[in-house]
Amino acid sequence: MGTASSLVSPAGGEVIEDTYGAGGGEACEIPVEVKPKARLLRNSFRRGAGAAAGSGPGSLPRGAGAGGLLGASFKSTGSSVPELEYAAAEYERLKKEYEIFRVSKNQELLSMGRREAKLDTENKRLRAELQALQKTYQKILREKESALEAKYQAMERAATFEHDRDKVKRQFKIFRETKENEIQDLLRAKRELESKLQRLQAQGIQVFDPGESDSDDNCTDVTAAGTQCEYWTGGALGSEPSIGSMIQLQQSFRGPEFAHSSIDVEGPFANVNRDDWDIAVASLLQVTPLFSHSLWSNTVRCYLIYTDETQPEMDLFLKDYSPKLKRMCETMGYFFHAVYFPIDVENQYLTVRKWEIEKSSLVILFIHLTLPSLLLEDCEEAFLKNPEGKPRLIFHRLEDGKVSSDSVQQLIDQVSSLNKTNKAKIIDHSGDPAEGVYKTYLCVEKIIKQDILGFENTDLETKDLGSEDSIPEEDDFGDVLWDIHDEQEQMETFQQASSSAHELGFEKYYQRLNDLVAAPAPIPPLLVSGGPGSGKSLLLSKWIQLQQKNSPNTLILSHFVGRPMSTSSESSLIIKRLTLKLMQHSWSVSALTLDPAKLLEEFPRWLEKLSARHQGSIIIVIDSIDQVQQVEKHMKWLIDPLPVNVRVIVSVNVETCPPAWRLWPTLHLDPLSPKDAKSVIIAECHSVDIKLSKEQEKKLERHCRSATTCNALYVTLFGKMIARAGRAGNLDKILHQCFQCQDTVSLYRLVLHSIQESMANDVDKELMKQILCLVNVSHNGVSESELMELYPEMSWTFLTSLIHSLYKMCLLTYGCGLLRFQHLQAWETVRLEYLEDPTVNSSYRQKLINYFTLQLSQDRVTWRSADELPWLFQQQGSKQKLHDCLLNLFVSQNLYKRGHFAELLSYWQFVGKDKSAMATEYFDSLKQYEKNCEGEENMSCLADLYETLGRFLKDLGLLSQAVVPLQRSLEIRETALDPDHPRVAQSLHQLASVYVQWKKFGNAEQLYKQALEISENAYGADHPYTARELEALATLYQKQNKYEQAEHFRKKSFKIRQKAVKKKGNLYGFALLRRRALQLEELTLEQLTSF
């Protein structure tokens, strides 16, 4: 296109043709003011001059044209010379300005360089000062730690001084009590002499006047020995109450060994330090197996005795009130059985009735005017021969104008004359039988709550007492989740394992175990190996009893593993249980992770921590450890070096022992010698008054020569089989059949056939088979009440008779209120005999699935349904049904709250869900459940579910996802309850614990302080819940290295806990243990005073 100047013609007025159009245009001059730069002007000038100088004659027109164009371009500005001069001047001026600018900037750069060097020097100086300050800070910190260490050493010296002082006080107390006893003996002797003198004087014999004697007992008040209610109230010198009557055990645990967790400092414990307390508790542990099964049972067994006259009352009790009692016990984690027998005219169930009375925790007698002679023996056994002091109740219906028979009146008089230890209560009622049965129900309910389950306050509603929410889940143990059923199972297993009357020649092994304990460290674990049924459990339990007796300062932690795939064989639960015991013995209230991997890491640390503090040795005994799945992986801490004062003993079967463990020191249990085997069998026969002939003894001696026939379990079972045959009158036949059995399993098969043949009809035989199969395919066993609901046509008479036969023949036993197999060989025998077909196995599992599914549909989520149903779905391979079961929020909550974290994770892994997907599904399910929640009770339940989900996610390590449900739980409780309600403090505590794990200490501190304020307002400044918040704050400050604040809160927490243990608890399980300890003391005192 070109510039505008290209349109200007050299001669004005001419018309230039437009080559782009038909017409033309007139050229005109356009005045343009242009101020070109100097460089542009110079270039233009050069181009113009070059064109003029280089033009020739032939190029004139072009030059003229060019000149014309140039002239046209600057025609409006005048001459070009001034412009050039102006441009040159301007150029010079700009050049000078540029030089000035360049020089000034160079100077600025030099100045900045000098300033940078100066700043570098200052920076180096400041860095050196910072390093010096850091070294000073580290030095001060070390000095502070040294000061704290010195402080702790001073406290230890003070504790040592207090120990010496307490020792002197105890010695003085012993001396004082000894002298008091001597004084009492002297006074008793004096009274005897005085009575003799009076008799002599009455006979006319002259003696000196006792009033002239220097001795005087007028000022002495001595309580008569033998009156138990006053024996411990004090003597001449004011003796203190007995130790047994003041035992205060930890409130949320079962079993006397938990007394390590808490010391009652009232009464005689005011000056007892922890070492002596440990010795006392070990002594209590020593007598634990002496408790009867009913004292530690998870079942409330109510045995009913009635006559023809009181049949209506008994039927009314079973129909209207037995279901209520069952529901009450189920909500508290117990079974309730109302067992009764028909009026046994022929007395054919006498042995079974006697066994049932021994097992029962409560016996109720319904009588009116007469008492049949066939019931006299049962009544005497239950009410007059009650050595354990178990609760007893008599409902006596009176009628106007009629007098009870002599037998009834005699029984009531004898029961009334007994001391209070036998706990017999009599209800005399005249009038409406229904009203009398209602009174009986109220009395039974009170007995169950107070005497059997251990609640002090029986005025609470059954629903409030029985609900799981009423039982504090964090009693003084922070976030620790404890399953009382697991501990119950271990206690019963230990008791059953040590209950054998025959030592089976184990004395020679005791010294070997003692040598291991006394051997210098380091020492690997000791293997106790042997074949199945060789007596490993019996040996270890008997040795534990001896250790507790001979070395009371030794801490023994034991675990007995049941059959494979049972709860007792889960590695994570074993480690968690042992860790909790270590924590409890170290007086720790720290939170415990439920992550199996972290549990495995933390257990050796707790073991090291306790071993450094414990005065004596620590022995860990794990029986049948080879039954644990992937035992080498989950028990790898056994390979690591153990602390100096720790010894570990594990028992394994020879065939299943891990190869890496075979290098450890091993104690192998040999089969019994033929002589010992024969003596055990003969002793069993003598116990039932059966004597073998010489020929039979010779055959027996020839038979018991191989390793399998001299097996301890085989020999025991052989003896029981011969004794049973002798009572039945077919000894020769059974003895011949026993000789054909060369191993334990084949002998168990003979036992099964023998019991089946004794059944009356085919229906009973089929029932026996189905019961054994259900016990075999279940996770942990089956209860009697579940069997009664599964088979409504079955009577208690048949069931108890069958269980009695199976129990006596070492097939079934009780564990945590459930029927399970006594030995692994018995379980294997039933599987081989009845369940070799997989379809049959699956059908029995499906029967249990249908039963527990029906319970869920009726909103009966108990610990049994949570234990069994998911496991059965997993065994059946029903992933979708298992998934639906896990999304039942109450099933998952029950598993988690009892610490079955790893089991819950394994179910989700089987379904194919990872952690995030699992969290999402739980949250969605909770949202759906929330839509149907109305009312304060449902909202409170919803808040508990949200809290459980938050804690579960926290244990999974999903901290960001755990905050949401915990915040929602907090919001619900603040809205539904009150912002200052104690449950709000619990939500704040749980949310703060997430922030602590998340390293957000500021948020956690604020929440803990809010929880502390609410707890102080709700419970008071001296309540254990307040101490829990103080302990949490102390731990928080310790994590931030704020040692002074941490020490301050920890001291306050310790003082509160110290005061709390002085007071009597009113929480679940506390009073029960105290009552059971008192029962033991009462029974012991009765035996002592009877001599």
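Residues numbered from 1 in each chain as written. Predicted model: local features only at pLDDT ≥ 70, side-chain atom pairs only at ≥ 80, totals over all residues. Heavy atoms only, no water.

Draft legend 1. Representation of the overall build of the protein. On a plain count of helices and strands, the protein comes out with 40 helices and 14 strands. The burial tally for the protein puts 47% of its 1091 residues in the buried class. In the protein, the proportion of contacts linking residues at least 24 apart, taken out of those at least 6 apart, comes to 75%. A total accessible area of about 54,400 Å² is found for the protein, and carbon and sulfur atoms account for 53% of it. (Helix = DSSP H or I, 4+ residues; strand = E, 2+ residues; numbered from the N terminus. Buried < 20%, exposed > 50% of the residue type's maximum accessible area, 1.4 Å probe, protein only. Contact = heavy atoms within 4.5 Å. Areas by Shrake-Rupley, 256 points an atom, 1.4 Å probe, with all protein chains shown as cover.)

Draft legend 2. View of the sheet that holds strand S8 (residues 526-530). Within the open sheet, the five strands sit side by side as S9-S10-S11-S8-S12. Their pairing is parallel. One side of each edge strand has no neighbouring strand; the edge strands of this open sheet are strand S9 (555-560) and strand S12 (666-668). Direction aside, neighbouring strands of the sheet carry axes that sit 15 degrees apart on average. Bridge analysis of S8 against strand S11 (residues 646-653) gives five bridges, and the strand direction is parallel. Counted as the bridge partner of Ser529 is Val652 from S11. (Pairing = 2+ DSSP bridges. Axes fitted to C-alpha atoms, helices over the stretch in contact; angles between N-to-C directions.)

Draft legend 3. Inspection of the packing of aromatic side chains at higher detail. One pass over the full model with this rule turns up 26 aromatic pairs. Every member of this aromatic cluster is reached through a ring pair, and the members are Tyr896, Phe901, Trp908, Tyr922 and Phe952. A cation over a ring is seen here: Lys324 above Tyr441, with NZ or CZ 5.9 Å from the ring centre. Of note, Lys1000 hangs over the ring of Trp998, and the distance from its end group to the ring centre comes to 3.9 Å. (Phe/Tyr/Trp six-rings, centres within 6.5 Å; stacked < 30°, edge-to-face > 60°. Lys NZ or Arg CZ within 6 Å of the ring centre and 35° of its normal.)

Draft legend 4. Region of the structure containing the sheet that holds strand S7 (residues 424-430). Read from one edge to the other, the open sheet built from five strands follows the order S4-S3-S5-S6-S7, with strand pairing classed as parallel. Edge positions in the open sheet fall to strand S4 (335-340) and S7, since each of these has one partner strand only. Each adjacent strand pair in this sheet contributes to an overall mean axis angle of 15 degrees, direction not counted. For strand S3 (residues 299-306) and S4, the ladder comprises six bridges, and the chain directions are parallel. When the bridges of S4 are listed, Arg301 appears paired with His337. The strands touched by helix H11 (residues 433-452) within the sheet are S3, S4, strand S5 (362-367), strand S6 (392-398) and S7, with S7 carrying the most contacts at an inclination of about 165 degrees.

Draft legend 5. View of the packing of helix H21 (residues 712-728) against helix H23 (residues 744-757). Taken N-terminus to C-terminus, the directions of H21 and H23 make an angle of 25 degrees; their axes are 10 Å apart at the nearest point. Our classification of the angle between H21 and H23 gives roughly parallel. Crossing handedness for the pair H21 and H23: left-handed. Taking contact as the criterion, the partners of Leu713, Tyr714, Leu717, Phe718, Met721 and Arg724 in H21 are, on H23, Thr744, Leu747, Tyr748, Leu750, Val751, Ser754 and Ile755. Residues belonging to the contact of H21 with H23 are distributed by class as follows: 10 nonpolar, two polar and one charged. (Parallel < 35°, antiparallel > 145°, perpendicular 65-115°, else oblique. Left-handed = near helix turned anticlockwise from the far one by under 90°. Nonpolar A, V, L, I, M, F, W, Y, C, P; charged D, E, K, R; others polar.)

Draft legend 6. Layout of the pattern of salt bridges. For the coordinates displayed, the defined rule picks out 34 salt bridges. Here Glu487 and Arg577 are joined by a salt bridge, their closest N and O atoms 2.9 Å apart. Of this pair, Glu487 sits in helix H13 (residues 484-497) while Arg577 sits in helix H16 (residues 571-585), and the two are 90 residues apart along the sequence. On the basis of relative accessibility, which here comes to 1%, the residue Glu487 falls in the buried class. Looking at Arg577, the relative accessible area reads 7%, which means it is buried. Members of the salt-bridge network, linked through shared partners, are Arg301, Glu356, Lys359 and Glu784. (Salt bridge = Lys/Arg side-chain N within 4 Å of Asp/Glu carboxyl O.)

Draft legend 7. Looking closely at unusual backbone geometry. Even without glycine at this site, Met565 takes up a positive phi of about 70 degrees. Backbone geometry at Lys999 places phi at a positive 70 degrees, although glycine is not the residue there.

Draft legend 8. Structural detail: the packing of H21 against helix H22 (residues 731-739). As a packed pair, H21 and H22 sit with axes 8 Å apart at the nearest point and diverge in direction by 160 degrees. One finds that H21 runs roughly antiparallel with respect to H22. Judged by the sense of rotation from one axis to the other, the crossing of H21 with H22 is right-handed. Each of Tyr714, Phe718, Met721, Ile722, Ala725 and Gly726 in H21 lies in contact with H22, whose residues at this interface are Leu731, Ile734, Leu735, Cys738 and Phe739. Each residue belonging to the contact of H21 with H22 can be placed in one class, and the counts come to 10 nonpolar, one polar and no charged.

Draft legend 9. Structural context of the nonpolar core. The biggest cluster of nonpolar side chains holds 155 residues, and the ones touching the most others in it are Phe718, Ile755, Leu772, Met794, Tyr922 and Phe952. No other element matches the nine residues that helix H34 (residues 936-956) contributes to this core. Setting aside chain neighbours within four positions, we find Met794 in contact with Leu767, Ile771, Leu787, Met788 and Leu799. Core analysis: the second largest hydrophobic core is formed by 33 residues, Leu580, Leu599, Val646 and Cys657 among them. (Core = buried A, V, L, I, M, F, W, Y, C linked by side-chain atoms within 4.5 Å.)

Draft legend 10. Quick look at the side chain of Arg563. As for its position among the elements, Arg563 is in the loop between S9 and H16. For the buried Arg563, no salt bridge exists, and the shortest N-O distance to an oppositely charged side chain is 6.9 Å, to Glu868. For Arg563, the residues in contact, after removing those within four places along its chain, are Ser569, Asn776, Ser778, His779, Asn780, Leu824 and Trp827. (Lys, Arg positive; Asp, Glu negative; His and termini not counted.)

Draft legend 11. Molecular detail of a negative patch on the surface. Together, Asp978, Asp980, Glu1013 and Glu1016 make up a region of like negative charge exposed at the surface. Checked against the element boundaries, Glu1016 lands in helix H37 (residues 1001-1019). Relative accessible area serves as the criterion here: at 32%, Glu1016 is assigned to the partly exposed category. (Patch = residues over 30% accessible without salt bridge, like charges linked within 9 Å, V, L, I, M, F, W, Y side chains within 5 Å. Charge placed at Lys NZ, Arg CZ, Asp CG, Glu CD.)

Draft legend 12. Seen up close, the confidence of the model for the protein. On average, residues of the protein score 77 in pLDDT, and 76% of them reach the 70 mark or higher. Averaged over each element, pLDDT in the protein is lowest for helix H4 (residues 228-231) (30) and highest for helix H24 (residues 762-777) (94). Counted against residues more than four places away or in other chains, residues 47-77, with its pLDDT under 50, gives eight contacts. Of the regions scoring below 50 in pLDDT, residues 1064-1074 engages in 41 contacts with residues more than four places distant in sequence or in other chains. (pLDDT = per-residue confidence, 0-100.)

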